[in-house]
Each structure stands twice: as C-alpha cells, then as structure tokens.
Amino acid sequence: MKRKGLWISLGAIGALVVIFIILCFTLFSLSSVSINWRNKPIALAGSEQEIIESGKFGYGKSVLFSGKQNYIASLEKANSYLKVINIETVFPNRYVVHCMERQQVYAIPLNERMYICDDEFKVLEIYEDASEFVSGQDKPTLIEKGLRVENSLAEKGEFLKVANKVDLFSAFIENNQSLPDQQALIKTMEFGQRPDPNFPDDEKMTQTFVKLSLYDGQTYILLNPEKFTKQKVAKMMGVYSSIFSLVGSAIDPDQPLTEDNTWTAEKLRTSVIEINNYYVASEEHPLGDCYSRIIPPQNT
C-alpha cells in the first residue's frame, strides 16, 4: 500500500511537471513585443518595427526563462540612439520595451574622427572627418582635449570607455539647466590636471580640472570636478548670474580704485573664474561648501 501510494504521488508530481512544461511552451511562449517611449522620439520616430526586429527576440520561447539582457544588448547595439530602461513581461506572453531616445550632448575628436555622444558617452554618430563638424549653440558641446578614452576606435552603438569622465550633464540638469541651456552656454570643454597650489611643497599633489569656455567670453575652471559636482555647478551658475554686478568695484579691494584696478564689463567678460570646494569642513564651511575666485585677464 505504501509503495502504491508513493507511485501515485510520483505520478501526480510528474503530471504537474508535464502540465507546467506544456504551459511554458504554449500559454507563456512569447508572442509579441511592443515599444513604450518615455520621451518623444525624433531620430527614431516611426522605426518601432525595425527596433523590435533588431532585438532578435525568441518568439515561441517561454517568457519565464528568457534572459532579457541579451535582448537589451542587441537593441542598444543596433540602434545607437536607443536607451532601454527595461523590458517588462506582461503575462502571459508579451514583452513591452520601455525606452527613450538618447540626446546628442558631446562632440569628441578622436583619431581624426568626430564622435557625437550622449551624456553616458554612447556613440550616436561619427564624422569620419572631424572638420565636418560645425559647433554652435544648438549643437553638441565640443570637448576639445583631455578626455582619456580607452577604446578610441569604438563604433556607433558602442560606449566610449572614459577613464576621467565627470557627470557634468546631470549636475547642470539638477541645477535647472536643460540640454539646450547647456549648449547655448558652453562653447568648449577641456579636461586636465595641474599641481595643487594648496600643497606647494608637495610636487605629487595635483588637482583635476575641467575648463568650460563660454560663448560670452568667460572661462570657468571647476577644480576637482569629480567631487561635489552639483555644488560646483551651482556655484558657477550663481557667479555667472551676478558677476556683472561687480562693474565699477575694485579688483583688489586692498588697493586704491584706479583704472587698472577697476572691474569693467570687458574685464569680467574675459576673466577666468576658478571654483573649488573647501578641503577641510568646518562650522563656517560645511562639507561640500564651495568658493569661487575671479581672476582678471591680466593675471590669467
């Protein structure tokens, strides 16, 4: 009796397994894929079917066991402007690809080519001749030099591997500066490293910087930009919005007000503004507090 009961139990389990397998390959087999845009597409508008086909989806395979990362990789590689947020499983047998169109943020010259990338340094377009790219206030911001790219032969749809990247784009967005605002403001960027004047006796102490040359002539240098990036951009925008209030005041307040020691609109327009964070937190300057220093053109 015990053995008979065991066989009955095993048979019931086996039947359930068979039913589950049948369901996986019938009820839960992938039948359709759709696209859900999270922003308004421009470059990819009307190409939803081509995007779906490029995903190489395994129709007929169970949605319960299919790995989605391979689909995401195929979609992103084949469609340079596509950013896949996730692939949602809609039971019993559908996928919805939630995605958005990437934006042209940076122009980066590499090996005589010009790479047009988004804020994550995904390659959207490539000019085979870098001189064909014409910068402007409605175009991607040109990163002239200093970016350390480890795969400088990357192709469309791939990501540049940048060793010294700083997420300036997000920092400006968090300070209410949209992509068009950033493009209209910043003409070029330059990344670099220099000795740290806060440690004059230690030659090994250096500070990274990103130099932002603006269309109106001013130059902002964000020192140690990888630290407190949002706060440094906030300080920059604060200085930018109020700098011309200095017209008529003394450049060096400890010296008499003379023609050479007076801020003019032209001097301010061609000045260099350095922005850094205080290295030591205190009650007066809490962690992340930043300061600015305006350097007149004759001292730059």
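Description of the structure in this document. Just so you know, these numbers come straight off a predicted model, no measurement behind them.

Structural notes on the pattern of salt bridges
One pass over the full model with this rule turns up 12 salt bridges. E128 is the partner of R113 in a salt bridge, and the nearest nitrogen-oxygen pair spans 3.0 Å. Taken as a pair, R113 in strand β5 (residues 113-117) and E128 in the loop between β6 (123-127) and β7 (141-145) lie far apart in primary sequence, 15 residues in all. A relative accessible area of 12% places R113 in the buried class.

Focus on the sheet that holds strand β11 (residues 272-277)
Here nine strands make up an open sheet; going across it, the order is β6-β5-β4-β7-β8-β9-β10-β11-β12 and the pairing mixed. Every other strand in the sheet has two partners, leaving β6 and β12 (290-295) as the edge strands with one partner each. Across the sheet, the axes of successive neighbouring strands diverge by a mean angle of 25 degrees, strand direction being ignored. Pairing geometry for strand β4 (residues 106-110) and β5, over five bridges, is antiparallel. Each bridged residue has a counterpart across the sheet, and for Y106 the counterpart in β5 is C117. The sheet strands contacting helix α6 (residues 229-242) are β9 (206-214), β10 (219-223), β11 and β12, and the helix crosses β10 at an angle near 155 degrees.

Focus: the nonpolar core
The tendency in soluble globular proteins is for nonpolar side chains to be buried as a group. Counting 40 residues, the largest nonpolar core has I108, L160, L168 and L212 as the members making the most contacts within it. Excluding anything up to four places from it in sequence, L168 contacts Y106, M189, F191, V210, L212, L222, T229 and V233.

Overview of the environment of R38
Mapped onto the elements, R38 comes out in the loop between β1 (32-37) and α2 (48-54). Sequence spacing of R38 and S131 is 93 residues, and the spatial spacing of their C-alpha atoms is 34 Å. Ignoring anything within four residues of it in the chain, the contact list for R38 reads I85, H98, C99 and M100. Of the polar contacts made by the side chain of R38, one reaches the side chain of H98; its length is 3.4 Å.

Side note on the packing of aromatic side chains
Evaluated as defined, the whole model comprises eight aromatic pairs. Centroid distance F28 to F91: 6.3 Å. Interplanar angle 90 degrees. Geometry classified as edge-to-face. Residue F28 is found in the loop between α1 (2-24) and β1, and its partner F91 is found in the loop between β2 (82-90) and β3 (94-101); the two are separated by 63 residues along the sequence. For F28, a relative accessible area of 17% gives the class buried. Ring geometry for Y278 and Y291: centres 4.9 Å apart, planes at 50 degrees, overall tilted. Residue Y278 is found in the loop between β11 and β12, and its partner Y291 is found in strand β12; the two are separated by 13 residues along the sequence. Using a relative accessible area of 27% as the deciding quantity, one classes Y291 as partly exposed. Put simply, the rings of F57, Y71 and Y95 touch in pairs and so form one group of aromatic residues.

Some details on the side chain of H285
Along the chain, the position of H285 falls in the loop between β11 and β12. Only 3.0 Å separates the side chain of H285 from the side chain of D289, close enough to count as a polar contact. Setting aside its immediate chain neighbours within four residues, H285 contacts Y278 and V280.

What to know about unusual backbone geometry
Look at the link from F91 to P92: it is a cis peptide, with omega at 15 degrees. Non-glycine residue N224 carries a positive phi angle of around 50 degrees. Examined against the element boundaries, N224 turns out to sit in the loop between β10 and α6. With a relative accessible area of 9%, N224 lands in the buried category.

Regarding helix α3 (residues 68-78)
Buried residues of α3: Y71, I72, L75 and E76, and no others. Down the axis of α3, the buried set is contained in an arc of 125 degrees. They therefore lie on one face. Exposed residues on α3 whose side chains face more than 90 degrees from its buried face are Q69 and N70. Looking at the buried side of α3, the elements it contacts are α2, β2 and β3.

So, how was this worked out
Residues numbered from 1 in each chain as written. Predicted model: local features only at pLDDT ≥ 70, side-chain atom pairs only at ≥ 80, totals over all residues. Heavy atoms only, no water. Salt bridge = Lys/Arg side-chain N within 4 Å of Asp/Glu carboxyl O. Helix = DSSP H or I, 4+ residues; strand = E, 2+ residues; numbered from the N terminus. Buried < 20%, exposed > 50% of the residue type's maximum accessible area, 1.4 Å probe, protein only. Pairing = 2+ DSSP bridges. Axes fitted to C-alpha atoms, helices over the stretch in contact; angles between N-to-C directions. Contact = heavy atoms within 4.5 Å. Core = buried A, V, L, I, M, F, W, Y, C linked by side-chain atoms within 4.5 Å. Polar contact = N/O pair within 3.5 Å; in protein donor to acceptor, adjacent residues only side chain to side chain. Phe/Tyr/Trp six-rings, centres within 6.5 Å; stacked < 30°, edge-to-face > 60°. Arc of directions from axis to C-beta.

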